[in-house]
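Residue-level structural notes
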Amino acid sequence: QVQLVESGGGLVQAGDSLRLSCAASGRTFSSYVMGWFRQAPGKEREFVAGVRCLGANTDYADSVKGRFATSRDYAQNTLYLQMNSLKPEDTAVYYCAAERAFYSVPWNARNFAYWGQGTQVTVSS
């Protein structure tokens, strides 16, 4: 089992940058696929970015490709999301998620069992 705690959200202007962190408990961090999802008011939770097990292979939603970058620090048991060139449509609660897997799982929220509490990101125009 793993526990996740996000941090780093806030209120920024369009074009600014933010870095989110997700600290994971447990000794088997490397055995979990890690992902970032977001949920805006009135919308479903959507995939943003993810990192597979056994390396640094990443995937991104089309809406954030070229602007966001995710990485994981195995020594610190931490997942990061660097968000650049933020847009008002990036406004949402951002969640860190984890699922135990050999390599990867489809990037859909229902495939992830473990979730953080979420952190609010608000981008003003």
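In the block above lies the structure referred to throughout.
Let me sum up the structure you'll find in this document.

What counts and what doesn't
- Residues numbered from 1 in each chain as written.
- Predicted model: local features only at pLDDT ≥ 70, side-chain atom pairs only at ≥ 80, totals over all residues.
- Heavy atoms only, no water.
- Helix = DSSP H or I, 4+ residues; strand = E, 2+ residues; numbered from the N terminus.
- Buried < 20%, exposed > 50% of the residue type's maximum accessible area, 1.4 Å probe, protein only.
- Pairing = 2+ DSSP bridges.
- Phe/Tyr/Trp six-rings, centres within 6.5 Å; stacked < 30°, edge-to-face > 60°.

1. Considerations on the environment of Q1
Note on placement: Q1 falls in the segment before β1 (4-7). A relative accessible area of 77% places Q1 in the exposed class. Counting along the chain gives 64 residues from Q1 to K65, while the straight-line C-alpha distance between them is 30 Å.

2. So, the pairing of strand β11 (residues 119-124)
Residues T119, V121 and V123 point to one face of β11 and are all buried, whereas Q120, T122 and S124, pointing to the other face, are not buried. Relative to β11, strand β2 (residues 10-13) runs parallel, the two sharing four bridges. In the sheet register, Q13 faces β11, and the bridge partner there is S124. Here strand β9 (residues 92-100) pairs with β11 via three bridges, running antiparallel. Looking at the pairing, V93 lines up with Q120 of β11.

3. Regarding the pairing of strand β4 (residues 32-39)
Taken across its eight residues, β4 has seven buried, putting it largely inside the fold. Of the strand pairs in this sheet, β4 and strand β5 (residues 46-51) are connected by five bridges, and their pairing is antiparallel. Residue pairing across strands places F37 opposite F47, the latter belonging to β5. The turn joining β4 and β5, which pair antiparallel and follow one another in sequence, is formed by six residues; a positive phi near 80° is taken by G42.

4. Notes on the packing of aromatic side chains
One pair of aromatic rings is described through two measures. These are the centre distance and the angle between the planes. Applying the stated criterion to the full structure yields nine aromatic pairs. Ring geometry for F29 versus Y74: centroids 5.8 Å apart, planes at 65°, classification edge-to-face. Of this pair, F29 sits in the loop between β3 (18-24) and β4 while Y74 sits in the loop between β7 (68-73) and β8 (78-83), and the two are 45 residues apart along the sequence. The exposure class of F29 is buried, given its relative accessible area of 3%.

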